[in-house]
Amino acid sequence: MYWEPDSECMHREEIEQLQLERLQATLNRVYGRVPFYRKKFDEMGVGPEDVGSLADLARLPFTTKDDLRDNYPYGLFAVPMREVVRIHASSGTTGIPTVVGYTRNDIRTWSNLVARIITMGGATKDDVIQIAFGYGLFTGAFGLHYGAERVGASVIPASSGNTARQIKIMQDFKTTALVSTPSYALLIGETIREMGIPLSSLSLKWGLFGAEPWSDAMRQEIEDRLGIVATDNYGLSEVIGPGVSGECLERKGLHINEDHFIVEVVDPETLTPVPPGEVGELVLTALSKEAFPMIRYRTRDLTRLLSGECPCGRTGRRMSRVFGRSDDMLIIRGVNVFPSQVETVLFEIEGTEPHYQIVVDRKGAMDEATVLVEVSESIFFDQMRRQKEMIERIQKRLAQDLGVTFEVKLVGKKALERFEGKARRVVDNRKL
Ligand code: DLL
């Protein structure tokens with residue numbers, strides 16, 4: 001089932017032709033309307049007229065988070081404020097947040113792109129979709145909300161938090177699809193189990209999750225706890241919000257909405273393209289946005305492009321799940337580690353609960369990394385010997401798979417924080 005088959009199943013040449021036309025129009029617009037881009041293009045000695053092919057995109061400058069901050073709040077808008085009908089802002093955990101805007105047309109485009117993602121993930125107009133993302137400046141809730149309405153589903157704007165109430169709504173309103181972060185879905189699943197609610201009293205079928213990295217093992221856990229089929233979808237506020245890419249039910253990577261975004265994958269150090277299929281930083285160019293165009297945005301997200309056709313029939317190229325941001329990468333005694341890699345190992349070990357935290361400290365010149373992991377009550381209250389065995393097993397697997405020796409501490413159930421939005425799994429005391 002497709003939302004817009006004509007766009008989602010285009011031939012390669014057609015997509016590329018459309019991309020080039022839209023790119024040229026976008027470049028003309030930003031050059032004429034956004035002083036920031038004009039200045040940068042001029043400095044590099046390139047103009048919109050120099051881009052005659054998609055390969056010429058590489059001649060244009062990158063845009064970074066710092067550029068957005070320097071132009072806070074409205075400096076990168078390409079339309080007068082009277083044409084802006086919506087404003088969102090990125091989560092901004094560090095420093096100044098970044099502000100993005102949408103015209104009426106942008107909202108229409110965005111809703112359509114999210115409608116594609118929702119359809120890919122299995123939901124239709126017959127579904128009752130509960131949005132358990134926080135409504136507010138975050139693009140997740142409104143993005144999925146508008147997309148779900150566009151599909152014609154019945155939308156419940158539950159927002160995030162108050163988990164017992166979420167579950168009551170699910171039961172009473174017969175929710176068939178849940179939209180949230182994967183970590184909140186996990187917490188909802190945990191609460192359902194604790195409250196002794198049988199899955200048969202729920203009508204859930206689909207889970208559409210995104211906004212943070214998660215592993216396949218975590219997907220399995222969520223699917224088991226909620227009795228659903230879960231798909232991943234990706235996006236970021238600077239580029240549009242959710243709606244950049246999403247998994248279809250084949251779940252073999254995320255289809256990129258290539259008629260609206262050009263993707264590049266570059267080496268974060270050299271900024272040159274990585275060889276096809278290799279991991280690098282995702283760089284996105286938006287092709288249809290009016291209020292807030294974006295040229296070659298360095299997302300900091302690490303992924304790779306997948307080759308081959310998808311049996312679903314969509315022709316948009318696929319990217320692998322984003323397994324982390326280059327900013328989240330921990331360098332522990334010289335070895336690069338992503339929290340999602342730790343997650344994958346932990347989930348495979350019998351007796352661990354899917355809740356963990358990584359704490360990094362510096363003792364003298366040495367980095368020390370500790371993994372706190374929740375374990376089942378039987379293990380936590382077990383003899384010291386059994387606990388020690390478990391710790392050693394986890395340490396050995398982490399060292400084998402990641403090449404880093406971690407301290408491992410077992411903690412009891414519920415000892416670690418739960419998350420209703422994006423999880424924060426790393427405490428890096430070295431930065432303090
Ligand atoms: O999180 C947009 C979104 C909302 C996407 C809901 C999907 C669903 P921001 O708050 O600006 O926007 O955060 C964007 O979150 O650069 C990634 O690092 C991360 N991220 C988003 N989706 C995924 C995903 C929204 N599926 C930042 N997997 C991005 C991994 C993700 N990371």
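Refer to the structure printed above.
The following refers to the structure shown. Worth saying up front: this structure is predicted, and the values here are computed from it rather than measured. Every chain is numbered independently, its residues counted from 1 as its sequence is written. Whole-chain, interface and lining totals are the exception, using all residues; otherwise, since this is a predicted model, local features are given only for residues with pLDDT of at least 70 and side-chain atom pairs are given and counted only at 80 or more. Where side-chain values are given, they derive from all heavy atoms of the structure, hydrogens and water being excluded.

**What about the site of the ligand?**
Around the ligand sit 21 residues in total, of which Asp 232, Asn 233, Ser 237, Asp 301 and Lys 422 are the nearest. Polar contact criterion, stated in full: a pair of N or O atoms within 3.5 Å, where within protein one must be able to donate a hydrogen and the other to accept it, and residues adjacent in sequence count only if both atoms are side-chain atoms. Between the ligand and Pro 213, the relevant distance is 3.5 Å, taken from a nitrogen atom to a main-chain nitrogen or oxygen of the residue. At 3.0 Å from an oxygen atom of the ligand is found a side-chain nitrogen or oxygen belonging to Arg 325. Computed with the Shrake-Rupley method and a 1.4 Å probe, the accessible areas treat only the protein chains shown as cover for residues. Look at the ligand: alone it shows 610 Å² of surface, and the protein chains cover 95% of it. Under the DSSP-based scheme used, a helix requires at least four consecutive residues in state H or I and a strand at least two consecutive residues in state E, with every element numbered from the N terminus. Taken together, the elements giving at least two residues each to the shell around the ligand come down to α6 (139-151) and β7 (229-236). With five residues, β7 is the single largest residue contributor to the shell around the ligand. Across the shell around the ligand, the residue classes break down as eight nonpolar, seven polar and six charged. The cutoff for a nearby residue is simple: one of its non-hydrogen atoms must lie within 4 Å of the molecule or strand. Any residue outside Ala, Val, Leu, Ile, Met, Phe, Trp, Tyr, Cys, Pro, Asp, Glu, Lys and Arg is labelled polar, Gly included; the first ten of those are nonpolar and the last four are charged.

**Quick word on the nonpolar core**
What we call a nonpolar core is a set of buried Ala, Val, Leu, Ile, Met, Phe, Trp, Tyr and Cys residues that are connected through their side-chain atoms within 4.5 Å. Whether a residue is buried, partly exposed or exposed follows from its accessible area with a 1.4 Å probe, protein chains only, as a fraction of its type maximum: under 20%, in between, or over 50%, in that order. Counting 64 residues, the largest nonpolar core has Ile 118, Ile 129, Tyr 234 and Leu 284 as the members making the most contacts within it. Ranked by the residues each element gives to this core, the list is headed by helix α5 (residues 104-120), at six residues. Only heavy atoms matter for contacts: two residues are in contact if any of them lie within 4.5 Å across the pair. For Leu 284, the contacting residues outside a window of four places in its chain are Tyr 234, Leu 236, Val 239, Val 244, Phe 261, Ile 262, Val 263, Met 294, Ile 295, Arg 296, Tyr 297 and Thr 299.

**Details of unusual backbone geometry**
With glycine set apart, most residues show a phi of negative sign, and most peptide bonds adopt trans. Put simply, Tyr 72 and Pro 73 share a cis peptide bond, and its omega is -5°. The residue Lys 174 is not glycine, and still its phi comes out positive at about 55°. Locating Lys 174 in the fold gives a position in the loop between α7 (163-173) and β5 (177-180). The exposure class assigned to Lys 174 is exposed, which follows from its relative accessible area of 52%. One non-glycine residue, Arg 251, lies in positive phi territory at about 55°.

**Side note on the side chain of Arg 318**
Counting through the fold element by element, Arg 318 comes out in strand β14 (residues 318-319). Of the polar contacts made by the side chain of Arg 318, one reaches the backbone oxygen of Ser 307; its length is 3.1 Å. A polar atom in the side chain of Arg 318 sits 2.8 Å from the backbone oxygen of Gly 308. Other than its neighbours up to four places away in sequence, Arg 318 contacts Lys 252, Gly 253, Leu 254, His 255, Ile 256, Arg 304, Leu 305, Leu 306, Ser 307, Gly 308, Glu 309 and Cys 310.

**Quick notes on the pattern of salt bridges**
Salt bridges are defined by distance alone: a side-chain nitrogen of Lys or Arg within 4 Å of a carboxyl oxygen of Asp or Glu. Applying the stated criterion across every chain yields a total of 36 salt bridges. Residues Arg 325 and Asp 301 are paired through a salt bridge, measuring 3.3 Å at the closest nitrogen-oxygen approach. Here Arg 325, found in strand β15 (residues 324-325), pairs with Asp 301, found in strand β12 (residues 297-303); they are 24 residues apart in sequence, far enough to count as distant. If you follow the salt bridges from partner to partner, you end up with Asp 216, Arg 219, Asp 232, Glu 247 and Arg 321 in one network.

**A few points about the packing of α5 against α6**
To describe two helices that pack against each other, one gives the angle between their axes and the distance between the axes. Axis separation between α5 and α6 bottoms out at 7 Å; the angle between their running directions is 75°. Put simply, α5 runs roughly perpendicular to α6. When α5 is examined against α6, the residues Ile 107, Trp 110, Ser 111, Asn 112, Val 114, Ala 115, Ile 118 and Thr 119 are found in contact with a partner set consisting of Thr 139, Phe 142, Gly 143, Leu 144, Tyr 146, Gly 147, Ala 148, Arg 150 and Val 151. Here the residues of the contact of α5 with α6 sort into 10 nonpolar, six polar and one charged. Structural elements are reduced to axes, namely lines fitted to C-alpha atoms, with helices fitted over the stretch in contact, and the angle between N-to-C directions of any two is expressed from 0 to 180 degrees. Here the angle decides the label: under 35 degrees means roughly parallel, over 145 means roughly antiparallel, 65 to 115 means roughly perpendicular, and every other value means oblique.

**Quick word on the packing of α7 against helix α8 (residues 182-194)**
Contact pair α7 / α8: the axes reach a minimum separation of 10 Å and the direction vectors enclose 80°. When the axis of α7 is compared with that of α8, the two are roughly perpendicular. For the pair α7 and α8, contact is made by Thr 163, Gln 166, Ile 167 and Met 170 and by Tyr 184, Leu 187, Ile 188, Thr 191 and Ile 192, respectively. Its residues assigned to classes, the contact of α7 with α8 comprises six nonpolar, three polar and no charged.

**Looking at a nonpolar patch on the surface**
Each patch is assembled from residues with relative accessible area greater than 30% and no salt bridge, linking like charges that lie within 9 Å and nonpolar side chains (Val, Leu, Ile, Met, Phe, Trp, Tyr) that lie within 5 Å. A surface patch of nonpolar side chains, amounting to about 240 Å² of accessible area, comprises Tyr 74, Met 81 and Ile 87. Within the secondary structure layout, Met 81 lies in the loop between α4 (65-70) and β1 (84-89).

**Let's talk about the packing of aromatic side chains**
Each aromatic pair joins two rings of Phe, Tyr and Trp (for Trp, the six-membered one) with centres within 6.5 Å, and gets the label stacked for planes under 30 degrees apart, edge-to-face for over 60, and tilted for any other angle. Counted by the stated rule, this structure contains 10 aromatic pairs. Measuring from centroid to centroid gives 6.2 Å for Tyr 31 and Phe 41, while their planes differ by 25°, and the two rings are stacked. In this pair, Tyr 31 is assigned in helix α2 (residues 12-33) and Phe 41 in helix α3 (residues 35-44), connecting sequence segments 10 residues apart. Among the residues examined, Phe 41 registers a relative accessible area of 0% and is labelled buried. Put simply, the rings of Tyr 31, Phe 36, Tyr 37 and Phe 41 touch in pairs and so form one group of aromatic residues. Over the ring of Tyr 31 we find Arg 38, and its NZ or CZ is 4.7 Å from the ring centre. Lysine NZ or arginine CZ positioned within 6 Å of the ring centre and within 35 degrees of the ring normal marks a charge as sitting over the ring. Over the ring of Trp 214 we find Arg 321, and its NZ or CZ is 5.1 Å from the ring centre.

**Overview of α6**
Taking 1.5 Å of rise per residue, the 13 residues of α6 would be expected to cover 18 Å, and the 18 Å separating its terminal C-alpha atoms lies within 8% of that figure. If you check which residues of α6 are buried, you get Thr 139, Gly 140, Ala 141, Gly 143, Leu 144, His 145, Gly 147, Ala 148 and Val 151. Positive phi appears at Gly 152, one or two residues downstream of α6, with a value of about 100°. Expected span of a helix: the number of residues minus one, times 1.5 Å.

**Structural notes on the sheet that holds strand β18 (residues 352-363)**
Here four strands make up an open sheet; going across it, the order is β20-β19-β18-β21 and the pairing mixed. Every interior strand has two partners, whereas the edge strands, β20 (407-411) and β21 (426-428), have only one. Within this sheet the neighbouring strands show an average axis-to-axis angle of 20°, counted without direction. If DSSP finds at least two bridges between two strands, the strands pair. Across five bridges, the pairing between strand β19 (residues 366-375) and β20 is parallel. When the sheet's bridge partners are listed, Val 373 is paired in β20 with Leu 410. Relative to the sheet, helix α12 (residues 384-402) contacts β18, β19 and β20, its axis offset from that of β20 by approximately 135°.

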